[in-house]
Amino acid sequence: AQKVTQAQTEISVVEKEDVTLDCVYETRDTTYYLFWYKQPPSGELVFLIRRNSFDEQNEISGRYSWNFQKSTSSFNFTITASQVVDSAVYFCALYSPYGGSQGNLIFGKGTKLSVKP
Amino acid sequence: NAGVMQNPRHLVRRRGQEARLRCSPMKGHSHVYWYRQLPEEGLKFMVYLQKENIIDESGMPKERFSAEFPKEGPSILRIQQVVRGDSAAYFCASSPTSGSYNEQFFGPGTRLTVL
């Protein structure tokens, strides 16, 4: 079975703090893709990153960084020097092309991040 | 290049009515996916369609829900005889090829409220 777990339901930080959002996934497939999406209060889904299972290099994009560790099946997301505009719900998702269900992104339940001024 | 378009953005229906949600994929995309987001939940896959074909409907409720993606025009998600439990945000995504390899681009969603 494939599953994505985001254990943190809500996180509240003060502006400029660093914050890490956890994502743990389960899959038996060796080829898979991991995603992070941001859902701001306006409701749309904003794509942040995609990683494939063969690329374990960590990635940094401005204040955002991602730590992919296959050994622990985790794909954590860190925001450095958080800002109020980072307040949103963040979803981690998994896709396995050979997982039987075509095109099906498996989403975690999301982590609601509140950044206070 | 316009993104994925969904309309209406908000839809209110009374119990027993029909709801029709429309999705126009990005230009050049021939694959459409529908997801449902219940309050305080993540998105759950419902159905995957290509033009005139349903590829995977494993996430669709067996009754009252149907989807189509005709040769011309938008994809339609249809909910007959809506009940309060159908209240949710319905997201459509599109991709240029099959699967999520090339990333699914999401529309802004339709928020359905059943009174």
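Refer to the structure above for everything that follows.
Conventions adopted
Residues numbered from 1 in each chain as written. Chains lettered and ligands numbered in written order. Predicted model: local features only at pLDDT ≥ 70, side-chain atom pairs only at ≥ 80, totals over all residues. Heavy atoms only, no water. Helix = DSSP H or I, 4+ residues; strand = E, 2+ residues; numbered from the N terminus. Contact = heavy atoms within 4.5 Å. Areas by Shrake-Rupley, 256 points an atom, 1.4 Å probe, with all protein chains shown as cover. Lys, Arg positive; Asp, Glu negative; His and termini not counted. Charge placed at Lys NZ, Arg CZ, Asp CG, Glu CD. Buried area = accessible area lost by both parts, 1.4 Å probe. Salt bridge = Lys/Arg side-chain N within 4 Å of Asp/Glu carboxyl O. Core = buried A, V, L, I, M, F, W, Y, C linked by side-chain atoms within 4.5 Å. Buried < 20%, exposed > 50% of the residue type's maximum accessible area, 1.4 Å probe, protein only.

K.L.:
What is the right way to read the overall build of chain B from this model?
P.N.:
From N to C terminus, chain B includes zero helices and eleven strands. Counting only C-alpha atoms and orienting by the principal axes, one finds that chain B spans roughly 35 × 25 × 25 Å. Within chain B, residue pairs in contact and separated by at least 24 positions form 54% of the contacts whose partners lie at least 6 positions apart. Counting only carbon and sulfur atoms, one obtains 46% of the accessible surface of chain B, whose full area is about 5700 Å². Looking at charge distribution, chain B has the averaged site of its 16 positive side-chain charges lying 7 Å from that of its 11 negative ones.

K.L.:
Sorry if this is basic, but what is going on with the interface of chain B and chain A here?
P.N.:
By a frequent convention, interface size equals the accessible area lost on bringing the separate parts together. On the chain A side, the residues contacting the 22 residues of chain B number 20 residues. Between chain B and chain A the total buried area reaches about 1700 Å² when both faces are included, carbon and sulfur atoms providing 54% of it. Scanning the region where chain B abuts chain A turns up one salt bridge. The salt bridge involving B:Glu41 is made with A:Lys109; its shortest N-O contact spans 3.9 Å.

K.L.:
Which parts of the structure should I look at to understand the nonpolar core?
P.N.:
Generally speaking, nonpolar side chains in soluble globular proteins are found buried as a group. Ranked by size, the top nonpolar core spans 24 residues in total, and within it A:Trp36, A:Trp66, A:Phe77, A:Tyr90 and A:Leu113 carry the most contacts. Counting only elements with at least two residues in this core, the list comes to β2 (10-14), β3 (19-21), β5 (33-39), β6 (46-52), β8 (64-69), β9 (74-79), β10 (88-95) and β12 (111-116) of chain A. Ranked by residues supplied to this core, first place goes to β10(A) with four residues. In this view, A:Phe77 contacts A:Val19, A:Thr20, A:Leu21, A:Trp36, A:Leu48, A:Tyr64, A:Ser65, A:Trp66 and A:Tyr90; residues no more than four positions away in its chain are not counted. Within the second largest apolar cluster, 23 residues are counted, among which are B:Cys23, B:Met60, B:Ala67 and B:Leu77.

None of the figures reported here should be taken as evidence of function without further support.
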